[in-house]
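Single-letter residue listing:
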Amino acid sequence: LYAIGIPAILNLALPSLLVTFLNGLLAAFSQSYVVVLGIYYKLQTFLYLPANGFVQGMRPLIGYNYGAKLYHRVKHTYLLALGTATVLSMIAFLCFQLFPRQIISVFGSGSEMYFQFSERYFRIYMFLTLINGIQPVTANFFSSIGKAQLGVFMSLTRQILFLLPLIVI
């Protein structure tokens, strides 16, 4: 229980810690930046929910089939979940690249400068959404086969070693 539970707790806590750090960092510059980050994370969560549903459905299937040594089913389930998450990520990516102003305006109106900043920020930040489905599917795959430490390592690598420095830059 602890071997799987503690990494799962870390996977759930990392995004909150990241947002807390980013809010503090951006608040030093402007509250508008904090608002845009808040909008982004609300949208990211909304877009991530369907992919997360597929991931949660994948976990027991992979765990059962891995334990039964039906590795062809494990591979098929992993690839199906990975493909689905990637397609959802591509749809989100295209929406944010093509229609950022329309999406942002759902959260209210603002000045032209606010929209220009928001559009630029969303296009840059959502560029990473293109590959965003790979990490959660793969991290949960490792948890499903009893190697939760690898999943946590992937999450830490993505959010702390890569994402955080890129956002700061």
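Predicted model, so just to flag it, every value in this text is computed and none were measured.

Basis of the calculations
- Per chain, residue numbering runs from 1 following the sequence as it is written.
- Confidence filtering applies because this is a predicted model: local features only for residues at pLDDT of at least 70, side-chain atom pairs given and counted only at 80 or more, and all residues used for totals across whole chains, interfaces and linings.
- Water and hydrogen atoms play no part in the side-chain values, which are based on all heavy atoms of the structure.
- Secondary structure counts use DSSP, requiring at least four H or I residues in a row for a helix and at least two E residues in a row for a strand, with both numbered from the N terminus.
- For every residue, the accessible area (1.4 Å probe, protein chains only) is compared with the maximum for its type, and the residue is labelled buried under 20%, exposed over 50%, or partly exposed between those bounds.
- Pairs of residues are marked as contacts when any of their non-hydrogen atoms sit within 4.5 Å.
- Using the Shrake-Rupley algorithm and a 1.4 Å probe, accessible areas are obtained, with residue cover drawn only from the displayed protein chains.
- Grid points spaced at 1 Å and placed over the protein atoms alone form the basis of the search, with a cavity being a set where a 1.4 Å probe fits but cannot get out and a pocket an open set showing protein on both sides within 12 Å along at least five of seven lines. Lining residues have an atom within 4 Å of a point.
- Grid points are joined across faces, edges and corners, and a volume is the space filled by probe spheres set on the points.
- Here a Phe, Tyr or Trp ring, Trp counted by its six-membered ring, pairs with any other such ring whose centre lies within 6.5 Å, and the pair is stacked when the planes are under 30 degrees apart, edge-to-face when over 60, and tilted otherwise.
- Candidates for patches are residues over 30% relative accessible area with no salt bridge; among them, like charges are joined within 9 Å and nonpolar side chains (Val, Leu, Ile, Met, Phe, Trp, Tyr) within 5 Å.
- Put simply, a salt bridge is a Lys or Arg side-chain nitrogen that is within 4 Å of an Asp or Glu carboxyl oxygen.
- Axes, fitted as lines to C-alpha atoms, cover a helix only where it is in contact. Angles between the N-to-C directions of the axes lie from 0 to 180 degrees.
- Comment on the angle field: the value is read as roughly parallel under 35 degrees, roughly antiparallel over 145, roughly perpendicular from 65 to 115, and oblique elsewhere.
- Gly falls in the polar group here, along with every residue not listed as nonpolar (Ala, Val, Leu, Ile, Met, Phe, Trp, Tyr, Cys, Pro) or charged (Asp, Glu, Lys, Arg).
- For a helix, the expected span equals 1.5 Å multiplied by the residue count minus one.
- To get the bend at a residue, fit one axis to the 7 residues ending there and another to the 7 starting there, then take the angle between the axes.

Trainee: In this structure, what is going on with the overall build of the protein chain? I would like to understand it.
Mentor: Helix and strand counts for the protein chain come out as 7 helices and 0 strands. Counting only C-alpha atoms, the protein chain reaches 60 × 30 × 25 Å along its principal axes. In the protein chain, which comprises 169 residues, the proportion classed as buried is 36%. Within the protein chain, contacts between residues at least 6 apart in sequence are counted, and of these 69% link residues at least 24 apart. Working note: accessible area of the protein chain is about 10,100 Å², and carbon and sulfur atoms make up 74% of it.

Trainee: Mind showing me how you'd approach empty space enclosed by the protein here?
Mentor: One water molecule sets the probe size; rolling that probe over the atoms shows where empty space is left. Under the definition given, this model contains 1 cavity of 30 Å³ or more. Lining of the largest cavity is provided by Gln44, Leu47, Tyr48, Ala51, Ala85, Leu88, Ser89, Ala92, Met126, Thr129, Asn132 and Gly133. Those elements giving two or more residues to the lining of the largest cavity turn out to be helix 2 (31–67) and helix 3 (71–98).

Trainee: Help me understand helix 6 (residues 134–144) in this model?
Mentor: Each turn of an α-helix holds 3.6 residues, which means side chains three or four residues apart point in the same direction. Burial of helix 6 is extensive: 9 of the 11 residues sit out of reach of the surface. The set of residues buried in helix 6 consists of Gln135, Pro136, Val137, Thr138, Ala139, Asn140, Phe141, Ser143 and Ser144. A positive phi of about 85° marks glycine 146, the residue just after helix 6.

Trainee: Would you mind showing me how to read the packing of aromatic side chains here?
Mentor: All told, the structure shown has 3 aromatic pairs when counted by the stated rule. Ring geometry for tyrosine 78 and phenylalanine 141: centres 5.0 Å apart, planes at 50°, overall tilted. Of this pair, tyrosine 78 sits in helix 3 while phenylalanine 141 is found in helix 6, placing the two residues 63 residues apart along the sequence. Like tyrosine 78, the residue phenylalanine 141 is buried in the burial classification. Three or more aromatic residues link up through ring pairs in this structure, and these residues are Tyr78, Phe141 and Phe142.

Trainee: Hey, could you run me through a nonpolar patch on the surface in this one?
Mentor: Taken together, Leu128, Leu156, Ile160, Leu161, Phe162, Leu166 and Ile169 make up a surface patch of nonpolar side chains, about 710 Å² in accessible area. Inspection of the secondary structure puts leucine 128 in the loop between helix 5 (112–125) and helix 6. Residue class for leucine 128 comes out partly exposed when judged on its relative accessible area of 34%.

Trainee: Is there a simple way to explain the packing of helix 2 against helix 3 in this structure?
Mentor: The angle between the axes and the distance between the axes are what describe a pair of packed helices. Where helix 2 contacts helix 3, the axes come no closer than 9 Å and their chain directions differ by 175°. Compared by their axis directions, helix 2 and helix 3 come out roughly antiparallel. Two secondary-structure elements touch here, helix 2 through Leu43, Leu47, Pro50, Ala51, Phe54, Met58, Leu61, Ile62, Asn65 and Tyr66 and helix 3 through Tyr71, Arg73, Val74, Thr77, Tyr78, Ala81, Thr84, Ala85, Leu88, Ala92 and Phe96. Looking at the contact of helix 2 with helix 3 residue by residue, the class counts come to 17 nonpolar, 3 polar and 1 charged.

Trainee: Mind showing me how you'd approach the side chain of glutamine 135 here?
Mentor: Relative to the assigned elements, glutamine 135 resides in helix 6. If near-sequence neighbours (up to four positions away) are discounted, glutamine 135 is found in contact with Gly151, Met154, Ser155 and Arg158.

Trainee: So what exactly am I meant to see when it comes to helix 2 here?
Mentor: Its 37 residues place the ends of helix 2 50 Å apart at the C-alpha level, agreeing with the 54 Å of an ideal helix rising 1.5 Å per residue. Within helix 2, the axis deviates most sharply at leucine 49, by approximately 35°, and proline proline 50 lies no more than four positions further along. Residue lysine 69 follows helix 2 closely and has a positive phi angle near 60°.

Trainee: Before we go on, may I ask you to explain the layout of surface pockets in this structure?
Mentor: Within this model, the largest pocket holds a volume of roughly 700 Å³. Surrounding the largest pocket, 27 residues form its lining, Asn11, Leu12, Pro15, Tyr48 and Gln159 being those nearest its centre. Counting residues per element, the ones that place at least two in the lining of the largest pocket are helix 1 (2–27), helix 2, helix 6 and helix 7 (148–168). Per-element accounting of the lining of the largest pocket gives the leading share, 9 residues, to helix 1. Looking at the lining of the largest pocket, its residues break down into 13 nonpolar, 12 polar and 2 charged.

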